[in-house]
Amino acid sequence: MKKELRKATRYDNIGRVESEAICPLPGVLDDISLSGCRMHFPALFTLDMENDYQIKFKISYKSNLIAMDLICHPEWQRANEENGTDLGFSFLRSPDTPELVSFISELSSNVKDDSDISDLLIESPVTLI
C-alpha cells in the first residue's frame, strides 16, 4: 500500500516476533506503526484470517531491549517459496499498548525531516588575518 494512504507513519525497525499460534519458528519484524506492522516468517503456512493472535515483540532500540505482548489481527498474507510467509497485522487494544505508544512516539521524535539540511552544512571557523 502506498505510504500516502496509510493512517499512521511506518518506521523501518527490525526486531524479533514470536507466536506459537502462528509459527513454531520466530519471525522478523520489518516495520511498525501505531496501527499495525509487517513481518515475515521463514516457513510457508496459511494463517486463519479470522483469528486474533497474541504476538511477542522483541525490538532492540538504542542499546535497549523493548519487549511487548500485543494482540494483533491479520490484514493480509503472502507466501513466497524463497522467503517464507509475509504477514501484515493491525494492532488491537492490548495490555502493552502504552509501551507501543511510547515506543512509536520516541521513533517519531527521532526521525529527521528530509528537507532539513543543517547536518550537511560544514561549519568552519573564520579567522581574520
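Residues numbered from 1 in each chain as written. Predicted model: local features only at pLDDT ≥ 70, side-chain atom pairs only at ≥ 80, totals over all residues. Heavy atoms only, no water.

1. Description of the pattern of salt bridges
Then, number 1: Under the counting rule described, the total for this entry stands at 6 salt bridges.
Then, number 2: Between Glu18 and Arg16 there is a salt bridge, with the nearest N and O atoms lying 2.9 Å from each other.
Then, number 3: The partner of Asp86 in a salt bridge is Arg78, with the nearest N and O atoms 4.0 Å apart.
Then, number 4: Of the residues examined, Arg78 reaches a relative accessible area of 47% and is grouped as partly exposed. (Salt bridge = Lys/Arg side-chain N within 4 Å of Asp/Glu carboxyl O. Buried < 20%, exposed > 50% of the residue type's maximum accessible area, 1.4 Å probe, protein only.)

2. Quick look at the sheet that holds strand S4 (residues 53–61)
Remark on secondary structure: sheet strands pair via backbone hydrogen bonds, oriented parallel or antiparallel.
Then, number 1: Reading around the barrel, the 6 strands line up as S1-S2-S3-S6-S5-S4 and close back on themselves, with antiparallel pairing between neighbours. Taking the axes of each pair of neighbouring strands and ignoring which way they run, one obtains an average angle of 40° across the sheet.
Then, number 2: Across 4 bridges, strand S2 (residues 23–32) lies against strand S3 (residues 36–41) in antiparallel orientation. Within S3, the residue paired with Val28 across the bridge is His40.
Then, number 3: Those strands touched by helix H1 (residues 97–110) are strand S1 (11–19), S2, S4, strand S5 (64–80) and strand S6 (84–91), and its axis lies near 90° from that of S5. (Pairing = 2+ DSSP bridges. Helix = DSSP H or I, 4+ residues; strand = E, 2+ residues; numbered from the N terminus. Axes fitted to C-alpha atoms, helices over the stretch in contact; angles between N-to-C directions. Contact = heavy atoms within 4.5 Å.)

3. A word on the pairing of S3
Then, number 1: Here S2 hands over to S3 after 3 residues, the two strands then running antiparallel side by side.
Then, number 2: Examined bridge by bridge, S3 and S6 share 6 bridges and lie antiparallel to one another. Among the inter-strand pairings, Gly36 is bridged to a residue of S6, identified as Ser90.

4. Brief notes about the side chain of Asp96
Then, number 1: Mapping Asp96 onto the fold places it in the loop between S6 and H1.
Then, number 2: The charged side chain of Asp96 is buried without a salt bridge, its nearest counter-charge being Lys56 at 9.8 Å.
Then, number 3: Those residues in contact with Asp96 that lie beyond four places of it in its chain are Ala67, Met68, Asp69 and Leu70. (Lys, Arg positive; Asp, Glu negative; His and termini not counted.)

5. So, the environment of Ser102
Then, number 1: With respect to the helices and strands, the residue Ser102 is situated in helix H1.
Then, number 2: For the pair Ser102 and Leu34, spaced 68 residues apart in sequence, the C-alpha to C-alpha distance is 9.8 Å.

6. Some thoughts on the environment of Tyr61
Then, number 1: Note on placement: Tyr61 falls in strand S4.
Then, number 2: Residue Tyr61 is classed as buried on the basis of its relative accessible area of 12%.
Then, number 3: Sequence separation between Tyr61 and Phe103 is 42 residues; the distance between their C-alpha atoms is 9.2 Å.

7. Digging into the packing of aromatic side chains
Then, number 1: Overall, the coordinates contain 4 aromatic pairs when judged by the stated rule.
Then, number 2: Plain terms: the ring middles of Phe57 and Phe91 are 5.8 Å apart, the flat faces sit at 75° to each other, and that makes the pair edge-to-face. Placement of the pair is Phe57 in strand S4 and Phe91 in strand S6, with a sequence separation of 34 residues.
Then, number 3: Here Tyr61 and Phe103 contribute two aromatic rings whose centre-to-centre distance is 5.5 Å and whose plane-to-plane angle is 90°, an arrangement assigned as edge-to-face. (Phe/Tyr/Trp six-rings, centres within 6.5 Å; stacked < 30°, edge-to-face > 60°.)

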